[in-house]
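# Structural description and commentary
So the chains spell out like this:
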Amino acid sequence: MRVLVTGGGGYIGCHTVRALQNAGHHPIVLDNLVHGHRDLVEQVLQVPLVVVQLGDRQQLQAILAQQHVEAVLHFAAYTTVGESVMDPASYYRNNLGDTMVLLEAVVREAQRRHRPPMPLVFSSTCATYGHPERMPISEDCPQQPISPYGRSKWMVEMLIRDWATAYGLPAVILRYFNAAGADPTGDLGEDHTPETHLIPRVLHTIGGKCPGPLTIYGDDYPTPDGTCLRDYIHVTDLAHAHVLGLEALCRQTPGQRQDALTYNLGTGRGHSVREVIAAAEAVTGCSLPVSVAPRRPGDPPVLVAATDKATRELGWAARYSQLTTMVRHAWAWHQHRHGCQVA
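My aim in this report is to walk through the structure given alongside it, one point at a time. (Residues numbered from 1 in each chain as written. Predicted model: local features only at pLDDT ≥ 70, side-chain atom pairs only at ≥ 80, totals over all residues. Heavy atoms only, no water.)

Before going further, it helps to spend a moment on the nonpolar core. Ranked by internal contacts, the top residues of the largest apolar core, which has 41 residues, are I12, L174, L265 and W316. Broken down by secondary-structure element, the contributors of at least two residues to this core are strand 1 (2-6), helix 1 (11-22), helix 2 (38-45), strand 4 (71-74), strand 6 (171-176), helix 8 (235-250), strand 11 (261-265) and helix 10 (308-314). No other element matches helix 8, which puts nine residues into this core. In this structure, A105, L120, V156 and I173 belong to the second largest nonpolar core, which totals 29 residues. (Core = buried A, V, L, I, M, F, W, Y, C linked by side-chain atoms within 4.5 Å. Buried < 20%, exposed > 50% of the residue type's maximum accessible area, 1.4 Å probe, protein only. Helix = DSSP H or I, 4+ residues; strand = E, 2+ residues; numbered from the N terminus.)

Rolled over the atoms, a probe sized like a water molecule indicates the empty space that remains. The volume enclosed by the second largest pocket comes to roughly 380 Å³. Lining of the second largest pocket is provided by 19 residues; of these, E70, P116, P117, M118 and P119 occupy positions nearest its centre. Counting residues per element, the ones that place at least two in the lining of the second largest pocket are helix 5 (88-113) and helix 8. In terms of residue count, the dominant contributor to the lining of the second largest pocket is helix 5 (three residues). Residue classes in the lining of the second largest pocket are distributed as ten nonpolar, five polar and four charged. (1 Å grid on protein atoms, 1.4 Å probe; cavity = no way out; pocket = protein on both sides within 12 Å on 5 of 7 lines; lining within 4 Å. Points joined across faces, edges and corners; volume = space filled by probe spheres on them. Nonpolar A, V, L, I, M, F, W, Y, C, P; charged D, E, K, R; others polar.)

What follows covers the packing of aromatic side chains. Taken as a whole and assessed by the stated rule, the structure comprises two aromatic pairs. Residues Y78 and Y91 carry aromatic rings whose centres are separated by 5.6 Å and whose planes lie at 65° to one another, so their mutual orientation is edge-to-face. In this pair, Y78 is assigned in the loop between strand 4 and helix 4 (81-86) and Y91 in helix 5, connecting sequence segments 13 residues apart. The exposure class assigned to Y91 is buried, which follows from its relative accessible area of 0%. Just above the ring of Y221 sits the side chain of R295; from NZ or CZ to the centre is 4.1 Å. The cationic tip of K309 hangs over the ring face of Y263; the distance from NZ or CZ to the ring centre is 5.2 Å. (Phe/Tyr/Trp six-rings, centres within 6.5 Å; stacked < 30°, edge-to-face > 60°. Lys NZ or Arg CZ within 6 Å of the ring centre and 35° of its normal.)

Moving on to the sheet that holds strand 12 (residues 271-272). Within the open sheet, the three strands sit side by side as 12-9-14. Their pairing is mixed. Of all strands in the sheet, those bounded by a partner on one side alone are strand 12 and strand 14 (302-303). One ladder, built from two bridges, connects strand 9 (residues 229-230) with strand 14; its direction is parallel. Bridged to L229 within strand 14 is V302. (Pairing = 2+ DSSP bridges.)

What follows deals with helix 9 (residues 273-284). Because each turn of an α-helix spans 3.6 residues, side chains separated by three or four positions end up pointing in the same direction. Across its twelve residues, helix 9 extends 17 Å between first and last C-alpha, which sits within 8% of the 16 Å expected from 1.5 Å per residue. Once helix 9 finishes, G285 follows within two positions and takes phi at roughly 75°, a positive value. (Expected span 1.5 Å × (residues − 1).)

This paragraph deals with the sheet that holds strand 1. In a beta sheet, neighbouring strands are held together by backbone hydrogen bonds and run either parallel or antiparallel to one another. The strand order across the open sheet formed by seven strands is 3-2-1-4-5-6-11, and the pairing between neighbours is parallel. Because the sheet does not close on itself, it has two edges, and the strands there are strand 3 (49-51) and strand 11. Going from strand to strand, the sheet's axes swing by 20° on average, the running direction of each strand aside. Against the sheet, helix 5 makes contact with strand 1, strand 4 and strand 5 (120-125), and its axis sits at roughly 170° relative to strand 4, the strand it touches most. Strands in contact with helix 6 (residues 148-167) are strand 5, strand 6 and strand 11; relative to strand 5, the strand with the most contacts, it is inclined by about 150°. (Axes fitted to C-alpha atoms, helices over the stretch in contact; angles between N-to-C directions. Contact = heavy atoms within 4.5 Å.)

Pairing is possible between side chains that carry opposite charge, provided their charged atoms lie close to one another. Overall, the coordinates contain 16 salt bridges when judged by the stated rule. Here R337 ties to D39 by a salt bridge, and the two come within 2.7 Å at their closest N and O atoms. With a gap of 298 residues between them, R337 in helix 11 (residues 323-338) and D39 in helix 2 connect regions that are remote in the sequence. Classification of R337 by relative accessible area gives partly exposed; the value is 25%. Linking R175 and E157 is a salt bridge whose minimum nitrogen-to-oxygen distance equals 2.8 Å. Remark: E157 occurs in helix 6 and R175 occurs in strand 6; sequence separation between them is 18 residues. Accessibility expressed as a relative area gives 1% for R175, which makes it buried. The exposure class assigned to E157 is buried, which follows from its relative accessible area of 0%. Taken together, the shared-partner salt bridges in this structure form one network comprising R18, D183 and D187. (Salt bridge = Lys/Arg side-chain N within 4 Å of Asp/Glu carboxyl O.)

So, in structure tokens, the structure goes:
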């Protein structure tokens, strides 16, 4: 199957391109390269890359037709919560506005071909839940996003549901918890500028890429060690879930109108900030100096996924569920990419 992967030059997108290749599909990456990496797409994955803004209607329509696209995996988005608070306009324009262009293009292409719309798998987030009412978080937990980033993703979910009802769009919505780790081969991984995620920040500090000490934001939460608990999910497991989601859509009756299928992706277990630091120290053999700052506004004490629905309906389960495994794979990647070494 020829699969258009929007944002396929980014962290999760690249890993999903590899998962598609391993499953026998033929991915085509569309990326504006604002955050994506040309070298990973062209040199490591060696798949076609189209450099264009997703919201370019004319070019997008031509790509769907000329590349004979049969399905879409949609990752293209801005993803930093703090940045979304400072510049909400860019988040709504990029995440929401460009996705509407994509959905309209998919329907137009279906009309041109005189067939139902092609399947779409959407990269969503647990940020749509905001401060959840219960833990672990199941898919029917009320969605009350508290940032422009979370709201933009929630609004896209609503668009997709409306497109499914009105136009018969086959769709899967995957709500990630904390993506972590890197491909076990060490040639794909996380590379953001600036880096805001905990595990790479810890490893960059240990490896000398970032100055220490590492700041812990709040150590007085109602958790066993006072720091926030998060559900870390290996990026390779996330990628595998997208392939399973796509295959589930392909099993549906063509033209069948039903609501989008929605799944949480996590391990069902939370790890604290201090546990992440301890895992990194164990993997690298290096101690990490830390300092403690006040809590950041809006950080819930605990975010953990209920994942039984994805297991039951997709046959998905996390294969790399151990925190030390995720950190070890991430460390191998950062050594390869950035030359990180302990002193």
